[in-house]
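A structural walkthrough
Below, each chain spelled out in residue letters.
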Amino acid sequence: MGNHLFDLVAARMPAGDAPFALLDDGRRYSYADMVAVSARFANALVALGVEPGDRVAVQVEKSIEALMLYLGAVRAGAIFLPLNTAYTPAEIEYFLGDAEPAVFVCDPAKAQAMKPYAEKAGARLETLGIWRSHEVSAGTLADKGLAAATAFADVDRGPDDLAAILYTSGTTGRSKGAMLSHDNLASNALALVDYWRFTRDDVLLHALPIFHTHGLFVATNTVLFAGASMILLPKFDPDQVFAHLPQATCMMGVPTFYVRLLQDQRLTPASTAHMRLFVSGSAPLLAETHREWRERTGHAILERYGMTETNMNTSNPYDGERVAGTVGFPLPGVAARVTEPESGRPLGAGEIGMIEVKGPNVFKGYWRNPEKTAAEFRADGFFITGDLGRIDPAGYVHIVGRGKDLIITGGYNVYPKEVEAEIDEMAGVIESAVIGCPHPDFGEGVTAVVVVKPGATITAASIASTLEQRLARFKLPKQVFIVDDLPRNTMGKVQKNLLREQYKDIYARAMKAGE
Ligand code: AMP
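So, here is what we can say about the structure in this document. Worth saying up front: this structure is predicted, and the values here are computed from it rather than measured.

Quick look at the overall build of the protein
Counting its secondary structure elements, the protein contains 16 helices and 24 strands. In terms of C-alpha radius of gyration, the protein reaches 23 Å, essentially the compact-globule figure of 24 Å for 515 residues. Each principal axis of the C-alpha atoms in the protein carries an extent, and together these give about 75 × 55 × 45 Å. Counting over 515 residues, the protein shows a buried share of 56%. By sequence separation, contacts in the protein at least 24 residues apart represent 66% of the contacts at least 6 residues apart.

Here we look at the site of the ligand
Around the ligand sit 16 residues in total, of which Glu303, Arg304, Thr308, Asp387 and Lys493 are the nearest. For the ligand, a nitrogen atom lies 2.7 Å from a polar atom in the backbone of Arg304. Lys493 places a polar side-chain atom, nitrogen or oxygen, 2.8 Å from an oxygen atom of the ligand. Coverage of the ligand by the protein chains reaches 91% of its 500 Å² of free accessible surface. Counting only elements with at least two residues in the shell around the ligand, the list comes to strand 13 (302-307) and strand 19 (397-402).

A look at the packing of aromatic side chains
All told, the structure shown has 18 aromatic pairs when counted by the stated rule. Relative to Tyr167, the ring of Tyr94 lies with its centre 6.5 Å away and its plane at 75°, an arrangement referred to as edge-to-face. Here the residue Tyr94 occupies a position in helix 4 (residues 89-99), and Tyr167 occupies one in strand 7 (residues 162-167), the gap between them amounting to 73 residues. When the ring of Phe236 is compared with that of Phe257, the centres are 4.1 Å apart and the planes differ by 15°; the resulting orientation is stacked. Taken together, the residues Phe236 in the loop between strand 10 (229-232) and helix 9 (238-244) and Phe257 in helix 10 (residues 255-262) connect sequence positions 21 residues apart.

Here's the deal with the nonpolar core
Core analysis: the largest hydrophobic core is formed by 107 residues, its most contacted members being Phe20, Met68 and Trp196. In terms of residue count, helix 3 (residues 64-75) provides more of this core than any other element does, nine residues in total. With residues near it in sequence (within four places) discarded, Met68 still touches Phe20, Tyr29, Met34, Val37, Ser38 and Phe41. Ala99, Leu162, Met179 and Trp367 belong to the second-largest nonpolar core, a separate cluster that totals 22 residues.

What about helix 4?
For helix 4, the full list of buried residues reads Ile92, Tyr94, Phe95, Leu96, Asp98 and Ala99. Summarising the contacts, the buried residues of helix 4 are in contact with strand 3 (55-59), strand 4 (79-82), strand 5 (103-106), helix 5 (111-121) and strand 7. Positive phi shows up at Glu100, right after helix 4, with a value of about 45°.

Digging into the sheet that holds strand 10
Read across the sheet, nine strands follow the order 2-1-10-9-11-12-13-14-15 without closing on themselves; strand pairing throughout is mixed. Each end of this open sheet is capped by a strand with a single partner; those strands are strand 2 (28-30) and strand 15 (329-330). Note that strand 11 (residues 250-253) and strand 12 (residues 277-280) share four bridges and pair parallel. Looking at the pairing, Met251 lines up with Phe278 of strand 12. Contacts between helix 3 and the sheet are confined to strand 1 (19-23), strand 2 and strand 10, with strand 1 contributing the most and set at about 145° to the helix.

Quick word on unusual backbone geometry
A positive phi angle, close to 60°, is found at Arg197, a residue other than glycine. Phi at Arg368 is positive, roughly 50°, even though this residue is not glycine.

With respect to the pattern of salt bridges
By the definition in use, this model includes 28 salt bridges. Between Glu425 and Arg291 there is a salt bridge; the shortest N-O distance is 4.0 Å. Within this pair, whereas Glu425 is found in the loop between helix 14 (416-424) and strand 22 (429-439), its partner Arg291 is found in helix 12 (residues 287-297), the two being separated by 134 residues in sequence. For Glu425, a relative accessible area of 57% puts it in the exposed group. Between Lys504 and Glu501 there is a salt bridge; the shortest N-O distance is 2.7 Å. With Lys504 and Glu501 both in helix 16 (residues 496-514), this residue pair falls three residues apart, about one helical turn. Residue Lys504 is classed as partly exposed on the basis of its relative accessible area, which comes to 29%.

Some remarks on helix 16
The largest bend along helix 16 measures about 40° and falls at Tyr503. The complete set of buried residues in helix 16 reads Lys496, Leu499, Arg500, Tyr503 and Tyr507. For helix 16, the elements touching its buried residues are helix 14, strand 22, strand 23 (443-452) and strand 24 (479-483).

Brief notes about the environment of Ala228
Locating Ala228 in the fold gives a position in the loop between helix 8 (213-226) and strand 10. Overall, Ala228 belongs to the buried group, its relative accessible area being 0%. Along the backbone, Ala228 and Pro14 are 214 residues apart, and their C-alpha atoms lie at a distance of 8.3 Å. Setting aside residues up to four positions removed in sequence, Ala228 forms contacts with Pro19, Phe20, Tyr31, Thr199, Arg200, Asp202 and Val223.

Some remarks on the sheet that holds strand 16 (residues 335-339)
Two modes of strand pairing occur in sheets, parallel and antiparallel, and in both the strands are linked by backbone hydrogen bonds. As summarised here, the arrangement of the four strands in space is 16-17-18-19, forming an open sheet in which the pairing is antiparallel. The open sheet has two edge strands, strand 16 and strand 19, and neither has a second partner. The mean inter-strand angle of the sheet, taken between neighbouring strand axes irrespective of direction, is 45°.

Brief notes about the pairing of strand 17 (residues 353-358)
Counting buried positions along strand 17 yields five of six residues, so the element is predominantly enclosed. Sheet analysis places strand 17 next to strand 18 (residues 383-391), joined by four bridges and oriented antiparallel. Residue pairing in the sheet places Met354 in a bridge with Leu388 of strand 18.

Some points on the side chain of Ser282
Along the chain, Ser282 falls in the loop between strand 12 and helix 12. Of note is the side chain of Ser282, whose polar atom sits 3.0 Å from the side chain of His214. Not counting the four nearest positions on each side in its chain, Ser282 is found in contact with His212, His214, Val254, Arg304, Met491 and Lys493.

Thoughts on the packing of helix 7 (residues 182-195) against helix 8
Interaxial distance between helix 7 and helix 8 falls to 9 Å at its minimum, and their mutual angle equals 75°. Between helix 7 and helix 8, the angle falls in the class roughly perpendicular. Taking contact as the criterion, the partners of Leu185, Ala186, Ala189, Leu190, Leu192 and Val193 in helix 7 are, on helix 8, Phe217, Val218, Asn221, Thr222, Phe225 and Ala226.

Criteria and thresholds
Along each chain, numbering runs from 1 in the same order as the chain's sequence is written. pLDDT decides what is reported in this predicted model: residues at 70 or higher carry local features, side-chain atom pairs at 80 or more are listed and counted, and totals for whole chains, interfaces and linings draw on all residues regardless. Side-chain numbers come from the whole structure's heavy atoms, not from hydrogens or water. The helix count covers DSSP runs of H or I at least four residues long, the strand count covers runs of E at least two residues long, and both are numbered beginning at the N terminus. Computation of the radius of gyration draws on C-alpha atoms, with the globule rule given as 2.2 Å multiplied by the number of residues to the power 0.38. Each residue's exposure class comes from its accessible area (1.4 Å probe, protein chains only) as a fraction of the maximum for that residue type: buried when under 20%, exposed when over 50%, partly exposed otherwise. The criterion used for residue contact is that any of the two residues' heavy atoms lie within 4.5 Å. Working definition: residue near molecule or strand if any one of its non-hydrogen atoms lies within 4 Å of it. For the purposes of these results, a polar contact is taken to be a pair of N or O atoms within 3.5 Å, where, inside protein, one atom must be able to donate a hydrogen and its partner to accept one; residues adjacent in sequence count only when each atom of the pair is a side-chain atom. The accessible surface values rely on the Shrake-Rupley method and a 1.4 Å probe; as for residues, cover is taken only from the protein chains in view. Centres within 6.5 Å are what make two rings of Phe, Tyr or Trp a pair, Trp counting through its six-membered ring; a difference in plane orientation under 30 degrees is then read as stacked, over 60 as edge-to-face, and the rest as tilted. Nonpolar core, defined: a set of buried Ala, Val, Leu, Ile, Met, Phe, Trp, Tyr and Cys residues in which side-chain atoms within 4.5 Å join the residues together. One bridge is not enough; two strands pair if DSSP finds at least two bridges between them. Only the stretch in contact is used when fitting a helix axis, every axis being a line fitted to C-alpha atoms; angles between N-to-C directions are given from 0 to 180 degrees. Salt bridges are defined by distance alone: a side-chain nitrogen of Lys or Arg within 4 Å of a carboxyl oxygen of Asp or Glu. We define the bend at any residue as the angle between the axes fitted to the seven residues before and including it, ending there, and the seven starting there. Oblique is the label for any angle not covered by the other classes, which are roughly parallel (under 35 degrees), roughly antiparallel (over 145) and roughly perpendicular (65 to 115).

Now the structure itself:
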């Protein structure tokens, strides 16, 4: 049968000495190294007793070795389970208890704190750190890998067998494990290589974390399936980005990367002239950022839309117009529709509703949670994304926000994005987040939290009065707050759940004072 995912990588691979990864410490990994080192990790895992279908949970810093562990786990027939490096040992306890991995790999510095949790979950604890030299151990699993053979007979895994479980970020309740099959990952990587025209000549600047679908699958699998190479940076740092940009042909980032780079004088037409492609995703890219980037560099950022459960769903076109504020068309093989959220009845062109998707990219369900899985799929197999949006007459998908962020005030639906777009247009505004706060009469009251440019004269009162000219009364914020910045998670998503929590009392007091 073969190993579905890795066989496809191997079949498309360039010659062994072709580069796969260039590291910030000057090391260079060839495709032959990729095959050999991932085999070492596969051997080490099998020697630890890992069997097909076992979970290998991993919470380690970003490194090429961590990526090789991902491939090693896949080749060993295991299920790779990366965990956000920000999770505390107490949070890790939940994931280990839920996933029951055979092995848990953590940073050497955290081994002591993690030991009791690994033991409780019945997982064997191993460590993997940052490789510095042959003389210094990079952890117990690195040592076992170094001692293992560079040849490995890949374990048979079919297209529907699981390759990974990624936990959702869990902003509404507990994180759930999204089960991703070999073909979920492979089909999406093939689609993206094609859609974004990746070739062996491409060099991707990789500054994303690798515990999330964006950096692990979108970035890494696209490179692997194209036989291309990457510059693997430990994290996003503008100095590092500009130092390595001359060697790159493309970059993938979250919107905050682009916002930060725009603040840097080194971003010029000359420094980006050689680049082929800039891709953005994981959170909405402000139309303003898209415009500014184009003005500064001449490049139109290509925005795409995906999620942990579905891999990538839609993308702006490579050749056609990349429309700011939209996430483009469904990828080949992916069907997308907009429905009435409660009934699932398909809506007409331009109507706002629930975005639903179906295709080989869509996951196999939530780990050990059949009720939740059943609740998120329609009878005809479409997955209910939880994102609200519309499809315009030209076929471009527009996202107006998460369903749970929809504000219902006095029985009216207010889509935060519509109010945010109006505020963001105002001179002196950097960005805004519109949320619903509990209101005694209306259920929820529209509330705007706005970040303004340093020295701008715009005020909460002037924002409120400008909006009065532009929006229906029920959409008007009842309170406007000016802040220094918005809370974001590591993927650049504005954490509206935190804002709602933070502002509910402030809002209530402000409403009372204003009575
Ligand atoms: P995650 O599972 O962490 O990848 O988060 C997925 C969610 O991120 C989606 O359901 C969307 O709400 C959001 N998202 C991803 N890409 C975009 C985008 N280009 N524009 C707006 N929201 C996005």
